[in-house]
Amino acid sequence: MDLASLLEHSLSPDRALREDATQKLELLAQENYASYAFMLIQQLANEQALDNIRMAAGLAVKNTLSAKEYARKEEQTQRWLSVDEATRSQIKQGALVALSSPKRMVGSTAGQVIAAIAEIELPLNQWPDLIRSLLANVTGSNNSMLKISTLQAIGFVCEATDSVALQSQANDILAAVVEGARKEEQNQEVRLAAIRALNNSLEFVRDNFEREGERNFIMQVVCEATQSESSELQVAAFECLVRIMQLYYDKMHYYVEKALFGLTIAGMNHTDEKVALQAIEFWSTVCDEEMELKEEIYETVEAGEQPERNLYNFAELALQDVLPVLLWLLTKQEDDEDEDEWNVSMAAATCLSLFAQCVRNAVIAPTVPFVETNIQNSDWRYREAAVMAFGSILDGPDESVLMPLVDQALPTLINMMTDPVVTVKDTVAWTLGRVCELLIDCIKPEIHLRDLISALVLGLQDNPRIVGNCCWSLMNLAEQLGPSIGEEAPSSPLSLYFEGIVTALLQFTERSDNEANCRTSAYEAISSLVMFSANDCIPTVQKTVLTVLDRLDTSIAMESQILNADDRAEHSELQSSLLGVITNCIRRLSRDIASVADRIMTGLLHLLNSTSKKATTTEDTFLAVGAMTSALDADFARYAETFIPILCTALQNPAEYQLCSISVGLIGDLCRALGAGVAPYCDAFMQLLVSNLQSPVLHRTVKPNILSCFGDVALAIGDKFEPYLEVVMMVLQQAGSMRAEKDNYEMIDYVNTLHEGNVEAYVGIVQGFNGTQKVAILMPYMQGVFQFMNALALDTNRSDSLTRALIGLLGDLADAFGKQLSVAFQADWIPQLLREARTSRHYGQGTKETARWAKEMIRRATQ
């Protein structure tokens, strides 16, 4: 069968034909990739071939070059680079030829192929003439279709390729996109493709934005595009302005004042909702940027330094003009509003909320009159808008300013829970939830609590849409009025109503459907109520766990009756909800759970051994097992032999990183619960932990947990950790050498977390060996450990928690080795670190206390 027929069959609605063709195409790629890719490009560039076959050929080439999974992507990159240069040149030339096809979708597909090749080659300084070729298509041609396809291709290249690799070609890219985006270009689709490409290129044209003349020209082109007759082009232009504000806030003062105020307000009033949404997004972005900048300035001033950047207070300056428009847009709700569909009233509410957080008290004066005028309006749209406006400004202004307003509004809001319009009630329930979350002191238990709880519980019998916010409000009440986790309290303001609320929620969750996630929300509310319950609510918690266990048993018995995927998903969701409640009941009851421990573990082990379980069910079951280990401590040993093989199986699949992370945490739980009793399982644990750490597919967020887990194992089994010591110390040394670039804040946070895991591992190892006869075997590693600690002490990006862990390790080393390390403890960096931790305002009380303890331990070791 020829290639064209195979490509045609790969698009067939006949599953057997489609799968057979796909397998044969894959076989061709494996047998001779260079020949396969070249034949596909010939099909893509062939104007006599059918459009669908040409597009299938292009997508097939692209898919051989760009996978999402890292390991597969690396494999594809190496395969492409192993193709001889002549064939690669022919393939690239074929893609460039296909770009000029009069068929739009073919040209677009060719652009994707070009981008996939560019992503591999440009960072290696290959295909040096690509951008010049694309520039020539835009500036040297009158062919509109070629211009559109080329500008799309430039956009794809900019989106896919590492920005560092494109910086040297920024001028050519900018010349091409600005040429296509100018208002003199008559074809609006060319302008649209150009503006989208410009958006994708903004990150690496920083040097051009530094030059005032070039910046003015770029801003002029984008601003003119917001005035186009094409709504689609206007949307793209506002998207571009949003990105420019994110990247170049510092350069925007002149443009906001002269043009962007007027343009964005006109955009917000636009009849096309998509244009209005992007214009609103501009001001949401301004607020986000200014809040972040205010935080930066505050931290800089706190450190006694001079801020590097200026705050222009665009949000505050725009308040009087932008806020009335936002409040008006709140009244533009849709009759059959879908919660999943973003619309202008939702966007306006989000933007108003961001303004409140950004300008704080200044938001109140222009908002409150709107609320007061419309909260009793006969038109439901204005009533709902008034409540939404009020709820949106509760986070930001000072509590002392909000308190009298909330105090005045609360009775009205509670009464509005009986409003005849569902949308109004939903927003009222959300606003009450915000009050419970942010301003709990406004709710006077003796005045408001009975009516508030009655209204929220009554809301459970209403439309499923409202139930979610009623449950969220009850969760916030529980969290704010109950004792903190781990604290004991004889009673709480909620105790009087606790049994009634839980009973109502349990009755509600008996429903068979989960419309609008209402059943899930109710179970989450029960979980929160249990977790934050006072001691006088314990009998209700005990009854709750038995009820929920009955339901879990029923759900397990029903598994064999489930036939289709939708029912399976709903069933798994129900089991996850039940497991969430059981987990919190276990945590709250602690040792008191022992009386039903066998029943709980039987159910959990059954779920884990079920072949039809979903990954999320396994994760939730593991969390319940983790709670059981903490509650039962050494008594969990009777379940270990059955459970640990299941745990090890989960650890063998590092691609399921969330499950893997929970599994690693469970090893730590088992170590703490079983102590030395975990030793028989440690060979399997350590082998899997080291293997996962080296896995290329494991998500990096799991790695700090694995390092920390080494410490848990060592602490549990003491000197029996000796067989693993050499490998673990080598791994810790490798991880300890990792550093982050100074401006890469995401990487700085990750490296801090990684090093914290490192330090926790060392702490566990030192404490585990301390007091044993084998403690001396750690001495050869001490030079490396102190070098690592010294490097951390010099790191200005060190977090408070990392500092506390580091200082704790110093104290543990002093305790374990005493005078044997007296010379090491005399290094200058140690007293400097301890002094900084005790005196700097950047460190919490826990860090200061740890520093005092460590100082005393080191003093004893060096005397």
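Everything discussed here concerns the structure shown above.
The text that follows walks through the structure, step by step, so that each part is easy to find. (Residues numbered from 1 in each chain as written. Predicted model: local features only at pLDDT ≥ 70, side-chain atom pairs only at ≥ 80, totals over all residues. Heavy atoms only, no water.)

In terms of helices and strands, the chain carries 41 helices and zero strands. For 863 residues, the compact-globule estimate of 2.2 N^0.38 gives 29 Å, and the C-alpha radius of gyration of the chain, at 31 Å, lies within 12% of that figure. Dimensions along the principal axes, computed over C-alpha positions, put the chain at roughly 80 × 75 × 65 Å. Relative to its full complement of 863 residues, the chain shows a buried share of 54%. For the chain, the accessible surface area stands at approximately 38,700 Å², while carbon and sulfur atoms represent 48% of it. Computed over 67 positive and 116 negative side-chain charges, the separation of the two mean positions in the chain equals 3 Å. (Helix = DSSP H or I, 4+ residues; strand = E, 2+ residues; numbered from the N terminus. Rg over C-alpha atoms; globule rule 2.2 N^0.38 Å. Buried < 20%, exposed > 50% of the residue type's maximum accessible area, 1.4 Å probe, protein only. Areas by Shrake-Rupley, 256 points an atom, 1.4 Å probe, with all protein chains shown as cover. Lys, Arg positive; Asp, Glu negative; His and termini not counted. Charge placed at Lys NZ, Arg CZ, Asp CG, Glu CD.)

Moving on, we come to unusual backbone geometry. Even without glycine at this site, R360 takes up a positive phi of about 55°. Its location among the elements puts R360 in the loop between helix 19 (344-359) and helix 20 (364-374). Here N517, not a glycine, exhibits a phi torsion of approximately 60°, which is positive. Examined against the element boundaries, N517 turns out to sit in the loop between helix 26 (495-508) and helix 27 (518-531).

Turning to the nonpolar core, a few remarks are in order. Core analysis: the largest hydrophobic core is formed by 314 residues, its most contacted members being M252, W283, F355, L477, F710, F721 and L813. For this core, the leading source of residues is helix 15 (residues 231-248), giving twelve residues. Sequence-distant contacts of W283, that is, excluding residues within four places in its chain, are made with V256, F261, T264, M268, F314, A315, A318, V322, C351 and F355. (Core = buried A, V, L, I, M, F, W, Y, C linked by side-chain atoms within 4.5 Å. Contact = heavy atoms within 4.5 Å.)

We now examine the packing of helix 23 (residues 422-438) against helix 25 (residues 464-481). Between helix 23 and helix 25, the shortest axis-to-axis distance is 8 Å and the interhelical angle comes to 15°. The pairing of helix 23 with helix 25 is recorded here as roughly parallel in orientation. Every pair of crossing elements has a handedness; the one defined by helix 23 and helix 25 is left-handed. Of the residues in helix 25, those in contact with V422, T423, K425, D426, A429, W430, L432, G433, R434, C436 and E437 of helix 23 are R465, I466, N469, C470, W472, S473, N476, L477 and Q480. Looking at the contact of helix 23 with helix 25 residue by residue, the class counts come to nine nonpolar, six polar and five charged. (Axes fitted to C-alpha atoms, helices over the stretch in contact; angles between N-to-C directions. Parallel < 35°, antiparallel > 145°, perpendicular 65-115°, else oblique. Left-handed = near helix turned anticlockwise from the far one by under 90°. Nonpolar A, V, L, I, M, F, W, Y, C, P; charged D, E, K, R; others polar.)

Attention now moves to the layout of surface pockets. Here the largest pocket is characterised by a volume of approximately 2,100 Å³. In terms of lining residues, the largest pocket is bounded by 44 residues, among which E296, E299, T300, K742 and Y745 are the most central. Of all elements in the fold, only helix 13 (206-210), helix 15, helix 17 (273-302), helix 37 (745-769) and helix 38 (782-794) reach the threshold of two or more residues within the lining of the largest pocket. The biggest single contributor to the lining of the largest pocket is helix 17, with ten residues. (1 Å grid on protein atoms, 1.4 Å probe; cavity = no way out; pocket = protein on both sides within 12 Å on 5 of 7 lines; lining within 4 Å. Points joined across faces, edges and corners; volume = space filled by probe spheres on them.)

Let us look at the environment of D669. Assignment of secondary structure puts D669 in helix 33 (residues 657-674). Along the sequence, D669 and N313 sit 356 residues apart, while their C-alpha atoms lie 49 Å from each other. Apart from residues no more than four positions distant in its own chain, D669 is found in contact with G626, T629 and S630.

Under the counting rule described, the total for this entry stands at 38 salt bridges. For R309, the salt bridge identified is with E296, shortest N-O distance 3.7 Å. Taken as a pair, R309 in the loop between helix 17 and helix 18 (314-329) and E296 in helix 17 lie far apart in primary sequence, 13 residues in all. With relative accessibility at 27%, the residue R309 sits in the partly exposed group. The residue R360 makes a salt bridge to D398 at a minimum N-O spacing of 3.4 Å. In this pair, R360 is assigned in the loop between helix 19 and helix 20 and D398 in the loop between helix 21 (380-392) and helix 22 (399-415), connecting sequence segments 38 residues apart. Three or more residues joined by partner-sharing salt bridges are found here, namely R88, K92 and E121. (Salt bridge = Lys/Arg side-chain N within 4 Å of Asp/Glu carboxyl O.)

Next up on the list: the environment of P704. Among the structural elements, P704 can be located in helix 35 (residues 703-717). Excluding residues within four positions of it along the chain, P704 makes contact with Y750, T753, L754 and G757.

Moving on: helix 32 (residues 637-651). When the terminal C-alpha atoms of helix 32 are compared, their 20 Å separation across 15 residues agrees well with the 21 Å that a helix rising 1.5 Å per residue should span. At F643, helix 32 is deflected by roughly 45°, the largest bend along its length, and proline P645 occurs up to four residues later in sequence. What helix 32 keeps buried is the set Y639, A640, F643, I644, I646, L647, C648, A650 and L651. Buried residues along helix 32 sit in contact with helix 30 (597-609), helix 31 (615-632), helix 33 and helix 34 (682-694). (Expected span 1.5 Å × (residues − 1). Bend = angle between axes of the 7 residues up to and from the residue.)

This part is about the side chain of T803. Structurally, the position occupied by T803 is in helix 39 (residues 800-817). Every residue in contact with T803, bar those within four places of it in the chain, is listed here: R798, L833, A837, Y843 and T847.

Attention now moves to the environment of C518. Tracing the sequence through the fold places C518 in helix 27. According to the relative accessible area criterion, C518 is buried, its value standing at 0%. A C-alpha to C-alpha distance of 9.1 Å links C518 and F508, two positions ten residues apart in sequence. Setting aside chain neighbours within four positions, we find C518 in contact with P464, V467, F508 and R511.

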